[in-house]
Amino acid sequence: MTYVNFFLHKSMKIFRRQITAKSDIAHLEFSFEPDVVFLFVSLSYEGVEESLTEITKRYPRAIIIGGTTVGEIIGREVVDGTIALAAIHFESTKIQLFGVDLPAEADEIYATGKSFANDIDQNNLKHLFILSDVQTLSASDLLKGLSDNLKSEIGVTGGLAGRSTYIDSNFIIENGELKRNRIVALGLYGDSLQVNYNARGGWDSYGVECLVTKSSNNRILEVDGRPALDFYKSRIPSNVFNDVDNEGFKYPIKVRNEQHTNPVIRALLSVDEDEKSLIMSEEIPEGSYVRIMRGNIDRLIYGAETSAKTIIEDNDNDHQLAILISCAGRRKVMGDLVSDEIVAVMDQFPEYTKSIGFYSYGEISPFYGYKTTSLHNLTMCITTFSES
């Protein structure tokens with residue numbers, strides 16, 4: 001189903017369209033000049049660069065940003081093979097785009113985040129919306145470097161571009177151009193802008209919290225002094241190990257440590273039978289406390305719903321635009337029911353709230369009530385925007 005929507009509310013103007021082919025671009029019609037155009041692009045969409053060229057020609061004054069997805073979110077639907085487009089005009093909010101190349105060496109990623117923050121004009125900056133194709137293993141260090149040099153009152157949300165099973169299948173879009181090994185940040189400035197955000201997973205605890213006694217980068221080697229794989233196998237149904245790549249997502253690990261005093265979810269990517277280790281989506285330092293979690297579809301949907309409900313109940317902003325970024329692993333677990341979490345989220349917002357987003361390889365958001373941002377896995381992250 002092709003999705004078209006135009007929306008005018010107070011100061012913000014919002015237009016959304018689901019693009020299935022380059023020919024759809026010629027029929028984009030709305031009455032305002034956009035300040036920013038978001039493009040969330042399926043990995044299977046054909047003719048990406050030709051479509052980007054056409055969109056850039058139509059909106060030469062707009063900042064055009066986006067990235068690849070493993071599922072596009074538009075309205076109350078999850079679709080594939082398209083570009084989810086949202087054109088936004090702000091009445092008072094000023095915007096500016098910043099970008100920097102990512103380093104080739106992983107040990108330089110934190111410094112890159114710090115220097116990137118220094119390059120951003122932080123005067124009257126309300127919020128940063130970030131997109132990057134950084135590999136998940138390096139994303140936390142990149143965000144930590146960025147956060148360490150940002151003013152504490154500046155919110156940061158966003159996501160990592162979706163990818164297929166091979167490196168360099170994903171990309172981001174910066175000013176209408178396809179880029180790789182890059183991070184971009186849309187800065188939004190001004191007192192009239194209202195931004196709210198939340199992150200919630202909905203995973204259930206499946207065992208007690210244990211101590212990581214030995215690890216190396218993203219490999220957990222020992223838990224409570226015993227081989228990590230033995231620890232995991234003693235708690236998880238045996239059929240999971242027949243297809244860890246798919247079934248492992250149903251039993252992620254919650255991590256608590258000095259960096260994450262609010263625990264975050266980390267996905268299990270694989271296991272090493274010889275080493276008896278767990279290969280995780282992110283580095284798990286020694287001294288971290290971990291707890292196995294499990295996924296129940298109803299509970300995951302409820303977690304997404306609760307994320308939105310908390311935003312609505314705790315403030316009276318208009319929430320004119322909602323950007324939803326959920327995890328590719330959640331989609332894998334929920335299967336054909338994945339749209340139900342989008343419906344559950346949007347049921348919490350007023351009918352006039354317009355949504356767009358994507359399924360990602362990493363979600364970026366603070367927890368509700370906090371400013372320091374975190375990298376999440378297997379989590380629904382919501383950011384809402386409105387102008388007073």
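Look above for the structure.
So, here is what we can say about the structure in this document. These figures come from a predicted structure and were not determined experimentally. (Residues numbered from 1 in each chain as written. Predicted model: local features only at pLDDT ≥ 70, side-chain atom pairs only at ≥ 80, totals over all residues. Heavy atoms only, no water.)

### Notes on the packing of helix α6 (residues 297-313) against helix α8 (residues 339-346)
For step 1, the next point in the chain: With their axes 8 Å apart at the nearest point, α6 and α8 run at an angle of 25 degrees to one another. By the angle class used here, α6 and α8 are roughly parallel. As α6 runs across α8, the sense of the crossing is right-handed. Along the contact surface, α6 presents Leu300, Ile301, Ala304, Glu305 and Ala308, while α8 presents Asp340, Glu341, Ala344 and Val345.
For step 2, the next point in the chain: Within the contact of α6 with α8, the residues separate by chemical class into six nonpolar, no polar and three charged. (Axes fitted to C-alpha atoms, helices over the stretch in contact; angles between N-to-C directions. Helix = DSSP H or I, 4+ residues; strand = E, 2+ residues; numbered from the N terminus. Parallel < 35°, antiparallel > 145°, perpendicular 65-115°, else oblique. Left-handed = near helix turned anticlockwise from the far one by under 90°. Contact = heavy atoms within 4.5 Å. Nonpolar A, V, L, I, M, F, W, Y, C, P; charged D, E, K, R; others polar.)

### Focus on the sheet that holds strand β5 (residues 72-74)
For step 1, the next point in the chain: The six strands are arranged β6-β5-β25-β24-β28-β14 in an open sheet whose pairing can be described as mixed. The open sheet has two free edges, formed respectively by β6 (77-79) and β14 (193-200), since each of these has just one partner strand. Averaged over all adjacent pairs, the angle separating strand axes in this sheet is 15 degrees, with direction ignored.
For step 2, the next point in the chain: Bridge count for β14 against strand β28 (residues 380-387) is eight bridges, and the pairing is antiparallel. When the bridges of β28 are listed, Leu193 appears paired with Glu387. (Pairing = 2+ DSSP bridges.)

### Here we look at the sheet that holds strand β27 (residues 374-376)
The pairing of strands in a sheet comes from backbone hydrogen bonds and takes either a parallel or an antiparallel form.
For step 1, the next point in the chain: Spatial strand order, β8-β13-β9-β10-β26-β27: six strands in an open sheet with mixed pairing. The sheet is open, and its two edges are formed by β8 (94-101) and β27, each paired on a single side. For this sheet, the mean inter-axis angle between neighbouring strands, taken without regard to orientation, is 20 degrees.
For step 2, the next point in the chain: Sitting on the sheet, helix α2 (residues 109-119) is in contact with β8 and β13 (182-189), with an inclination near 150 degrees to β8.

That's the geometry; what it means functionally is another story.
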